Amino acid sequence: MVPSPTSPHPPPLFPRATWRHRRQAEAARAPVPQRYWSRPLPALLTALATTPGGLTDAEAARRLARDGANELEASRAPSRLRVLWAQLKSPLVLLLVVAAVISAFTGEWTDAVIVLAIVLCSVLLGYSREYKAQVTIARLRERVTTSVRALRSGRVATVPLSQVVAGDIVLLSAGSMVPADARVLEATDLFVSQAVLTGESFPMEKRPGVAAPDATLGERDNCVFRGTHVRNGAGRCVVVATGRDTSFGGIARRLTLRPPETEFDRGIRHFGYMLLTTMAVMVVGVIAVNGLLHRPPLESLLFALALAVGLSPELLPAILSVNLSAGSQSMAAKGVLVRRLSAIENLGSMDVLCTDKTGTLTEGVVSLAGAHAPDGGPSATVLDLAVLNATHQTGLSNPLDEALLRAGPPPAAQKLGEIPYDFVRKRLSVVVRQGTDVRLITKGAFAQVMEACTRGPGGMPLDAGLRARLQDRVDAWGQQGLRVLAVATRPIDVREQYTREDEQALTFEGFLSFMDRPKEGAREAIQELERQGVAIKLITGDSRQVAEHVARQVGLATSRVLTGRQLLRMRDEALWHQAEKAELFVEVDPTQKERILLALKKQGHVVGFLGDGVNDAPAMHAADASLCVEGAADVAREAADFVLLERHLDVVRRGIEEGRRMFANTLKYILTTTSANLGNMLSMAAATLLLPFLPLLAGQILLNNFLSDIPAVGLAGDSVDPELVDRPRRWSMRFLTRFMVTFGLLSAIFDAFTFGALLWLFHAGPERFRTGWFVESLLTELVVALVVRTRRPFYRSRPGTLLLVSTCAVVVLTLLLPFLPFARAFGLVPLPGALLLGIAVITGLYVAAVEAAKRVFYRRVPG
C-alpha cells in the first residue's frame with residue numbers, strides 16, 4: 001500500500017469528463033486482441049506491442065492517456081456543480097422554486113423574492129458543508145490504494161492498480177490481487193482463486209501454454225482475470241485487457257453492483273419514508289382545508305410546501321457528509337484509514353469482534369524455539385531439513401518459514417520440484433537432491449503430516465501407541481504456548497513433475513516448535529473493549545492447546561471452545577446457538593471462518609472481523625465491519641472496510657469510539673428535527689382550521705427553518721457524553737417513533753399555549769400573531785436542540801463550541817429581527833416588551849417540560 005500525493009488545488013467547478021468526451025475516449029481505446037488465450041505468445045506480444053521486459057515509462061503513460069484508467073467505472077472527483085445539483089434537485093426545493101416563479105407571474109413579487117432568497121441561502125449552506133466534506137473524504141481515500149509490481153523501463157516498479165495498461169508485464173505472488181485480464185508468461189506453482197467469476201471453490205492452477213480457441217473462461221488455465229487473487233505460487237503475466245474491457249468489467253456492466261446496505265443506511269431510509277408519508281398527508285390536508293375555506297390557492301400552496309420543508313430534515317445529507325468527513329479524519333489521526341464510509345456506523349454498533357491471535361493478541365514476530373527429534377531432544381538434522389524446505393518453497397510467504405530462514409543457512413542442495421501448500425492439506429513438500437540422494441521433505445501441521453506418515457524413528461512402524469506418545473508431546477508443548485509443526489521425508493525418484501499423491505509412506509523425522517509472545521497491552525485493550533460492550537472471539541487455525549494458552553495470557557475466557565472438527569459435524573441451526581456461547585474457535589479452516597461470522601449475524605449481532613491473510617477475504621466480506629492491517633495481503637486489503645496503520649486492539653477500540661460519536665451526533669440532528677420541528681409544523685397545520693388567517697406566511701416558515709438550521713450544522717462536531725459511547729447502540733425505529741410522538745405532542749401543547757396567549761391575552765392581530773409565534777417557535781427549536789442533545793440534565797453537558805456560539809447568535813438575531821428595517825418585507829412587526837417577556841416565559845417553561853419529559857422517557861424507553 002502506498003500513499004498517493006493529493007492535489008493542493010480544489011476540484012473544478014465543472015466535471016472534466018462529459019458523456020461526449022467519454023464516448024470519444026472509449027472509441028480511442030486499443031481493442032483487446034481477439035481470442036488472446038489461443039494465440040502463440042510471440043504473436044500476442046507483437047499484437048500488444050510489448051516485450052517480456054515490459055513497457056517503458058513513456059509508453060505506459062501514453063497508453064494510460066489513450067485507454068484511460070484501469071477502473072471498472074470512471075472515478076469522479078468531487079465536483080462543485082454535482083454537489084450543488086444534489087442540493088437543488090430535492091423535490092421540495094424544486095416545488096418551492098416553481099411556486100415562487102408562479103407568484104412572480106401573478107404579481108406577488110415580494111413573496112417570490114423572499115422564497116427564492118431563503119431557498120438559495122439554504123441550498124448554499126448545505127452545499128458549502130457537503131462540498132468541503134466530500135473533498136476531505138476524497139483525499140483520505142487516496143491514502144488507501146492498491147499497488148502492483150510491474151516491469152517498467154527494464155526494472156521492477158510499484159504501480160498503482162489504476163495505472164496498469166495493456167502490454168504491461170505484471171509480477172504476481174501469493175496474496176496479490178490480479179489487476180487486469182492477462183496471459184501467463186511464467187508460473188511457479190501458481191494457483192488462483194477465481195470463484196468470483198466461475199463459482200469454483202478450489203483454486204485453479206495457472207501455467208503458460210495455448211488454450212483452445214473455444215475454451216470457456218474456466219478452461220483458460222493460461223490466463224488470469226481481474227477480480228481474482230493468487231492463493232499460492234508466483235507468476236509473470238502480460239496484460240491484455242484493463243478496466244471495463246476485462247471479463248469482470250463485463251459482468252459489472254451488466255449488473256448494478258452496490259455495497260450491501262448497512263443497518264444505519266436502512267434506518268435512515270425508513271425514517272425518510274415515515275417523514276415523507278407525514279409530509280404528504282399534511283400537505284394534501286392543508287391544501288384541501290384552505291380550499292374549503294376559500295383562501296387564495298397560490299398562498300395556500302406556498303404555505304403547504306413551506307410546512308413540508310419545515311418538517312423535512314433537509315440538512316441530513318450535509319450532516320452525514322460532515323460527520324463522515326470529520327470521523328474519517330479523526331480515525332486517520334488515530335491510526336485507522338476508512339475505505340468504506342458507510343461502515344463507520346457499523347463499527348460503532350459492533351458488539352462482537354472476531355480476530356486471529358497472530359499479531360493482534362501476540363507480537364506477530366515468530367521465533368524458532370527449537371528443532372526436536374521424535375524423543376523431544378534437540379536435533380540438528382530436523383533443523384536442516386526444515387530450513388531446506390523453507391528455502392526452496394516458492395508459495396505463500398509466512399512468519400514460520402521466515403523464522404526458519406533466520407535460524408541458519410541451508411545445506412547445499414538442488415531443488416527438483418515442489419508440492420505447494422494449501423489450506424486443506426496444511427502441509428507443503430519440496431524435492432531436493434543432495435549428492436546422489438533425492439528425497440521429498442514435507443513440513444506442515446502435525447496432524448496432517450502424521451496422516452501421510454507410516455514409519456517413525458529408526459524406520460519402526462508408526463503404531464497407535466507411538467502416535468499417541470508423539471501427540472502427547474505436541475499437546476504438552478501447546479500448553480506452554482508453543483506452536484508445533486512436523487517434518488517428514490521419503491526417498492523419491494527423479495521425474496518431471498510431483499503431485500500430492502507423492503506425499504505418502506513418509507518417515508516421521510521430528511518436530512519444530514515456535515514461539516509468539518503475547519502483545520504488550522493486549523489484556524488491557526480486551527478489558528476496555530469488553531467494558532464498551534464488545535465481545536472478543538478468537539478464531540484461529542492453531543491447535544487448541546496453543547490457542548487456549550494465548551487466550552489465558554491475554555485475559556480471554558477458555559471455558560467454551562469449538563474445534564474445526566466439531567464445526568464440520570454441526571448443522572447450521574446448531575451453530576447459530578453454539579457460536580454465540582463459544583469464546584474460542586480453534587483448528588478451523590478458511591471456509592469455517594465465514595460460517596462462524598454468518599452464524600453470529602443470524603443471532604442479531606453486529607460482527608467485526610480483523611484479518612490480513614489470503615484466506616480471510618470470504619470472512620471479511622461476510623462481516624458487518626471488516627478490518628485489516630496496512631501490510632495485509634492485497635485481497636484482504638481490498639475486502640476491508642478499514643485499514644489499521646498499527647496492528648493493536650487499542651487502535652480498533654479508538655475506531656469504535658469514533659464510530660459511536662458519529663452515530664450519536666447524527667442521531668442528535670434527527671431527534672431535534674422530530675421534536676420541535678414536528679410539533680411546530682403540525683400545530684401550524686391544525687391552526688389553519690381555527691384561524692381566519694394563515695398562522696405564518698410561507699416566507700416566514702422558510703426563514704424560521706433556515707435560521708434554525710444554522711446551529712444544527714454544529715451538531716456534526718458536537719461533544720458527546722461518555723455514556724453515549726460506552727456500549728453499542730443500534731438504530732431503532734421503535735425508539736424514534738416514541739420520541740417523535742412524545743416530544744412532538746409536548747411541542748404542540750406549548751404551541752397551543754402560545755396561540756391562546758397571543759389571541760386572548762395579548763389580543764394580537766394577524767401580523768403581531770405571526771411575528772409572536774415566529775419568535776416563539778424559532779426560540780423553542782433553538783433551545784430544544786441543546787436539551788435533547790444529551791441524556792443528562794442539559795446544564796451538566798457542555799455542547800460543542802460551534803453549536804453553542806451559533807445558537808446564542810441566532811437567539812439574539814431572533815429577538816432583534818422584528819425591529820430591523822427589513823423586517824416588514826417578511827411580514828414581521830415590532831413586539832411590545834410584555835409580549836416578548838411572555839414568549840420568554842413560555843420558552844423557559846418549555847425547556848423545563850422537555851427536561852422533565854426527557855428523564856421520564858429514557859427511564860421507560862432505553863435507547
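Just above sits the structure.
This structure is a prediction, so every number in the text was calculated from the model and none was measured. (Residues numbered from 1 in each chain as written. Predicted model: local features only at pLDDT ≥ 70, side-chain atom pairs only at ≥ 80, totals over all residues. Heavy atoms only, no water.)

Can you help me understand the environment of T146 in this one?
Mapped onto the elements of the fold, T146 is located in the loop between α6 (109-141) and β1 (147-152). Accessibility expressed as a relative area gives 10% for T146, which makes it buried. Counting along the chain gives 15 residues from T146 to L161, while the straight-line C-alpha distance between them is 5.8 Å. (Helix = DSSP H or I, 4+ residues; strand = E, 2+ residues; numbered from the N terminus. Buried < 20%, exposed > 50% of the residue type's maximum accessible area, 1.4 Å probe, protein only.)

Sorry, what's going on with the sheet that holds strand β9 (residues 352-355) here?
Picture the strands of a sheet paired through backbone hydrogen bonds; they go either parallel or antiparallel. Pairing is mixed in the open sheet, where eight strands are placed in the order β8-β22-β21-β20-β9-β17-β19-β18. Every other strand in the sheet has two partners, leaving β8 (336-338) and β18 (561-563) as the edge strands with one partner each. This sheet shows a mean twist of 20° between the axes of neighbouring strands, independent of strand direction. Where strand β20 (residues 607-610) meets strand β21 (residues 625-629), three bridges bridge the pair, whose relative direction is parallel. Residue L610 lies in a different strand from β21, and its bridge partner there is L627. Running at roughly 150° to strand β19 (residues 584-586), helix α18 (residues 544-554) makes contact with β17 (535-539), β18 and β19 of the sheet. (Pairing = 2+ DSSP bridges. Axes fitted to C-alpha atoms, helices over the stretch in contact; angles between N-to-C directions. Contact = heavy atoms within 4.5 Å.)

Any chance you could explain the packing of helix α13 (residues 380-392) against helix α14 (residues 399-407) here in plain terms?
For any two helices packed against each other, one specifies the inter-axial angle together with the distance between the axes. Taken N-terminus to C-terminus, the directions of α13 and α14 make an angle of 120°; their axes are 9 Å apart at the nearest point. Relative to α14, the element α13 is oriented oblique. Considering only the axes of α13 and α14, their crossing is left-handed. Contacts between α13 and α14 involve L383, A386, V387, A390 and T391 from the first element and D401, L404, L405 and A407 from the second. When its residues are assigned to classes, the contact of α13 with α14 shows seven nonpolar, one polar and one charged. (Parallel < 35°, antiparallel > 145°, perpendicular 65-115°, else oblique. Left-handed = near helix turned anticlockwise from the far one by under 90°. Nonpolar A, V, L, I, M, F, W, Y, C, P; charged D, E, K, R; others polar.)

I tried to follow the side chain of T540 on my own but got confused; where do I start?
Position of T540 relative to the elements: it lies in the loop between β17 and α18. The exposure class assigned to T540 is buried, which follows from its relative accessible area of 2%. A polar side-chain atom of T540 sits 3.4 Å from a polar atom in the side chain of D356. Each residue touching T540, except ones within four places of it in the same chain, is listed here: D356, K357, A547, F585, V586, E587 and V588. (Polar contact = N/O pair within 3.5 Å; in protein donor to acceptor, adjacent residues only side chain to side chain.)

Hey, could you run me through the pairing of β17 in this one?
Taken residue by residue, a regular strand's side chains alternate between the two faces of the sheet. When you tally the buried positions in β17, you get four out of five residues, the bulk of the element. Alignment of β9 against β17, held across four bridges, turns out to be parallel. Counted as the bridge partner of V352 is A535 from β17. Relative to β19, β17 runs parallel, the two being bridged by two bridges. Directly across from I539, in β19, lies its bridge partner F585.

Note that all results are geometric; they support no functional claim without further evidence.
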